[in-house]
Amino acid sequence: MLRDTHPRPRRRHRSRHVVTAAVACLVIAAPVALAVRMGSDAPLDAPEQAGGRAWVASPEQATVSLIDGSSQEVVVTVPAPDSLAGDDLTVTQSGSSAYVVDRTLGTAARIDGATFEVGEPAALAAPVGRLQVLEGGGSVYVLDPERRTASLVDPLALTEGTELSLAAQPGPGQALVDDAGRLWVVDATSGSLTWFDDGKHVDDTLGLPDAQLVLVQGQAVLVDVAGGRTVQLGPDGPQGRWSCAGPAPGSPARLLGSQTSGHVYAAVPADGTLVVATVGRDDCRTTIPLAEPGTADFGPLAQDGRYVFVPDRATGTTSVVDTASGTLVADLPLSSAGNRVELTAKDGIVFYNDLDSEVAGVITLDGGRWAADEVRKYDPETDESVAALGAGAQSDRPADVGGNAIEGWSTVAPERDGRTAEVAPSTAVAGGPVIAGLRARPDPMVLGSPVRFEARARGTVGTTWEWTLTRPDGSIAWSSDQAGSVDATIPDATPATYTLSLVVVDAAGHRATSERDLDAVLVPTPHIELFQVEDRSPGLGEVTNISAVESGLSDAAATWTWTVAVGDLDLAFPVQPAPGAPLPLQFDTEGTYTVTLTVESGGLSDEASVRITYADRCVPALADRRFVDVRREGTASVPVTTAECFVDAPVTLELPAWLSTTTPTVDVPAGRTEILDGLHHTFPPDPVPVEVTVVGTPPADGLIRGAVTLVLGEQRVPVDVRVNTAPVWTADPVCTRGTTGQARFVAPLADADAGSLDVRLTLDGIAGGPEDGYRMVPTGAEQGVYQLLVPLTVDLSALTTFTVRATDRFGVAAEVRTAPAGECAP
């Protein structure tokens, strides 16, 4: 290999392939009684677990992984298209495929479950909105709550069809598609109910802004949060009688409609129970205690047969409830306390996914015992994804002298005397056959010896062919009407340049033509037909491989000699590759290099050249991550590297005043060069870790765009920083009483993780209650606003003040606030 410095491997970009449970986050009533009793029609079927697969996301990696339930392994990992690490990712399962939604960007893309190909991301909503992809009954809707619109989209391409005006702005759990393909939406402001089938229907008489929607056996069910009741929905809206939703009105809960029976399941944090309600019948007697009252932070539920799975973020465990017996049968530790866990029941298996870590897995029933088998989506130490699509060595071996193009390489016509041969003329008619080119083997053809004529053509089914070989004087030396490749022997004895032509005509009379010059010789003569180049514009220090197709000698012995020149400087190769083998090049200096190949055999030779331009494409970058994350402990190890750069490079970090590092400039060494499958490859450099520490007050909580700048020469690359500051009070906490007299404690807070704070309420002067306080939950209507509804049976007569403590998921606490009881005072 010709090189002017030590070697280094070619960059191999790694492709790395959340499953959201199809349940709604709902607010319903909290029961006072904790009795456990069976509903009369509780499902009795045991789960039939079979091998299935589910897609799960890693938002911090901006990737999606496919987990196989049988082998309990990651099948493949793909990147969420255009997503950055830390984006808000969700996944909607669609058979073996899935839709990945980036709410940060407002985009969605389809992942094909058969090929693992990721489609182009479609911009379907405004960035940082609440974009949803809803599927049901063979229909796929894209919902943009901020714009109050929905679109029925093509399931494969996600191209938008007719835009539907919702005239409503649904909140969490207020939109779904039933098994009939009907879209249902509740307006979080007016409480109107809108649905779409063959037309648009609106019921603005309900006035239920807190109402939620769930699917029960494929049919939509409306849950009246304030009234603690449910009703089934049909083509004309609410149908049948209203029935109890379980607990008394008003307390937050997680809801799930049953797939197999007419039930709604509600996990209620206020009293730590799971309640089973029968739709259409006032049967809400079955309650199963899961946690101490006020201590749980329940996540979205999942169901597998008669079993319901209830994750508790406060403890990191998931409860398994047998609804047939009304008992808690298992508590499975799935994640660290405070992490968000999603459950997906699919193909007879329950999958779990920790959105805040590398952990995912499968929950199985084995020998009558429930167990969780952990599957790692990526290595937390290296950020390397498991089963990354495209990871590992792959063969880039060039094609043989058959002349077929090498995938990913450029086919280049050779230069002779500074010029390339003219392209052979071709004609075609729209809708008819097309001839992409003609070739001969050998080329030049040898008079009196067999020669094969071939055409690269398409659209040739049912066509007629007419081959013609014309001498320089215009006479016909040979012709044939054989379709496809054809063999011939030309008996002429005088070397000359012939014209080879082909006419292809289809049944409709559409005509395609092509012709080219073809030299004829008396003995096999070397001829360099084309070059195949891995990269015609490599970066400094990058290896590029060049292969040549010689068409005139067949199996005859030949000598291949490569030379290279830059400007007036000729460079010699110390070792020549074997004839037909690719030539590796590597240079650290910018410029256009002329690479010349000479092929000699039996005293005859051919010489041709190709130009390769080396350019400085070095750009500073972060390895694997696209942002600096100092949210934990206020410090981070930042992996600094370079992209499209294969030489030693100094990178400088420009930091804001509130960040500091002891190594503002690092030298990123060039990567190594290795031989893989017979080809030299340049690998990216190993990243250099740089410790960055928060030393001041960041300007905001969450994402600070472009806070750090990586500098390499004239290249300046802004890098986002994710920081964490304490939650901030936007107003004092208050307690009010509604029309029913029920006490409602409200705590308004602002934080980048406003929807996932741990907010605890202590009733000062009231004996009992959880040691850490009652857990307050998001209202769902306003971001960052938490509430707790206290049942009327709780005695607040001694209440004078109450205290609220708020902690984010990184353990940083807000100012503790104590407020007067206000309207809730005795």
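Residues numbered from 1 in each chain as written. Predicted model: local features only at pLDDT ≥ 70, side-chain atom pairs only at ≥ 80, totals over all residues. Heavy atoms only, no water.

1. Section: the sheet that holds strand β55 (residues 635-643)
Then comes step 1: If you walk across this open sheet you meet the four strands as β53-β55-β61-β57, and the pairing is antiparallel. Edge positions in the sheet fall to β53 (619-622) and β57 (659-660), since each of these pairs with one other strand and no more.
Then comes step 2: Inspection of the sheet shows β55 paired to strand β61 (residues 688-694) by six bridges, in the antiparallel sense. Across the sheet, the residue bridging to valine 638 is valine 690, located in β61. (Pairing = 2+ DSSP bridges. Helix = DSSP H or I, 4+ residues; strand = E, 2+ residues; numbered from the N terminus.)

2. Looking at the nonpolar core
Then comes step 1: Judged by nonpolar contacts, the single largest core of 28 residues is most densely connected at Phe531, Ile546, Trp562, Leu585, Val595 and Leu597.
Then comes step 2: Counting residues per element, the ones that place at least two in this core are β46 (528-533), β47 (544-550), β48 (559-566), β50 (583-586), β51 (591-601) and β52 (604-614).
Then comes step 3: Once residues lying within four places of it in the same chain are set aside, the contact partners of tryptophan 562 are Phe531, Ile546, Ala548, Phe573, Gln576, Pro577, Leu583, Val595, Thr596 and Leu597.
Then comes step 4: Ala747, Leu749, Leu796 and Ala819 belong to the second largest nonpolar core, which has 24 residues in total. (Core = buried A, V, L, I, M, F, W, Y, C linked by side-chain atoms within 4.5 Å. Buried < 20%, exposed > 50% of the residue type's maximum accessible area, 1.4 Å probe, protein only. Contact = heavy atoms within 4.5 Å.)

3. Quick notes on the packing of aromatic side chains
Then comes step 1: One pass over the full model with this rule turns up twelve aromatic pairs.
Then comes step 2: Measuring from ring centre to ring centre gives 5.1 Å for phenylalanine 453 and tryptophan 478, while their planes differ by 45°; the resulting arrangement is tilted. Within this pair, whereas phenylalanine 453 is found in strand β40 (residues 450-458), its partner tryptophan 478 is found in strand β42 (residues 476-480), the two being separated by 25 residues in sequence.
Then comes step 3: For phenylalanine 453, a relative accessible area of 0% gives the class buried.
Then comes step 4: Aromatic pair tyrosine 593 and tyrosine 614: ring centres 5.7 Å apart, planes at 80°, arrangement edge-to-face. Placement of tyrosine 593 in strand β51 and of tyrosine 614 in strand β52 is noted, with a sequence separation of 21 residues between them. (Phe/Tyr/Trp six-rings, centres within 6.5 Å; stacked < 30°, edge-to-face > 60°.)

4. So, the pattern of salt bridges
Then comes step 1: Summed over all chains, the structure comprises 35 salt bridges.
Then comes step 2: We note a salt bridge from aspartate 224 to arginine 229, for which the minimum N-O separation is 2.7 Å.
Then comes step 3: The exposure class assigned to aspartate 224 is buried, which follows from its relative accessible area of 5%.
Then comes step 4: On the accessibility criterion, arginine 229 (31% relative accessible area) is partly exposed.
Then comes step 5: Note that arginine 760 is salt-bridged to aspartate 758, the shortest N-O span being 2.7 Å.
Then comes step 6: Counted as one network, the salt bridges with shared partners bring together Asp297, Arg313, Asp758, Arg760 and Arg775. (Salt bridge = Lys/Arg side-chain N within 4 Å of Asp/Glu carboxyl O.)

5. A closer look at a nonpolar patch on the surface
Then comes step 1: A surface patch of nonpolar side chains, about 240 Å² in accessible area, is lined by Leu522, Val523 and Leu604.
Then comes step 2: Inspection of the secondary structure puts leucine 522 in the loop between β45 (511-521) and β46. (Patch = residues over 30% accessible without salt bridge, like charges linked within 9 Å, V, L, I, M, F, W, Y side chains within 5 Å. Areas by Shrake-Rupley, 256 points an atom, 1.4 Å probe, with all protein chains shown as cover.)

6. A closer look at the state of the cysteines
Then comes step 1: All told, the structure shown has three disulfides when counted by the stated rule.
Then comes step 2: With its sulfur 1.9 Å from that of its partner, cysteine 244 forms a disulfide with cysteine 284. What sets the handedness of the cysteine 244 and cysteine 284 disulfide is the S-S torsion sign, and at about 110° it is right-handed. Of the two residues, cysteine 244 sits in strand β21 (residues 237-244) while cysteine 284 sits in strand β25 (residues 283-289), which places them 40 residues apart along the sequence. In this pair, the class of cysteine 244 matches that of cysteine 284, namely buried.
Then comes step 3: Paired through a disulfide, cysteine 735 and cysteine 824 show a sulfur-sulfur distance of 1.8 Å. Residues cysteine 735 and cysteine 824 share a disulfide whose torsion about the S-S bond is about -80°; that sign makes it left-handed. Of this pair, cysteine 735 sits in strand β65 (residues 734-737) while cysteine 824 sits in the segment after β71 (817-820), placing them 89 residues apart in sequence.
Then comes step 4: For cysteine 735, a relative accessible area of 5% translates into the label buried.
Then comes step 5: Take the cysteines of the protein that form disulfides and number them in order along the sequence; they join up as 1-2, 3-4, 5-6. (Disulfide = S-S within 2.5 Å.)

7. Here's the deal with the side chain of glutamate 534
Then comes step 1: Counting through the fold element by element, glutamate 534 comes out in the loop between β46 and β47.
Then comes step 2: Judged by its relative accessible area of 7%, glutamate 534 is buried.
Then comes step 3: Within the local environment of glutamate 534, its side chain forms a polar contact with the side chain of asparagine 545, the two groups lying 2.8 Å apart. (Polar contact = N/O pair within 3.5 Å; in protein donor to acceptor, adjacent residues only side chain to side chain.)

8. Focus: the pairing of strand β11 (residues 139-144)
Then comes step 1: Extensive coverage of β11 is indicated by the burial of six of its six residues.
Then comes step 2: Here strand β10 (residues 132-136) runs beside β11; their pairing, made up of five bridges, is antiparallel. Looking at β11, one finds that leucine 134 is bridged to tyrosine 141.
Then comes step 3: Hairpin connection from β10 to β11: two residues lie between these consecutive antiparallel strands, with glycine 137 at a positive phi of about 60°.
Then comes step 4: Bridge analysis of β11 against strand β12 (residues 149-153) gives four bridges, and the strand direction is antiparallel. Bridge pairing in β12 links tyrosine 141 to leucine 152.
Then comes step 5: Joining the antiparallel neighbours β11 and β12 is a turn of four residues, in which arginine 148 adopts a positive phi near 60°.

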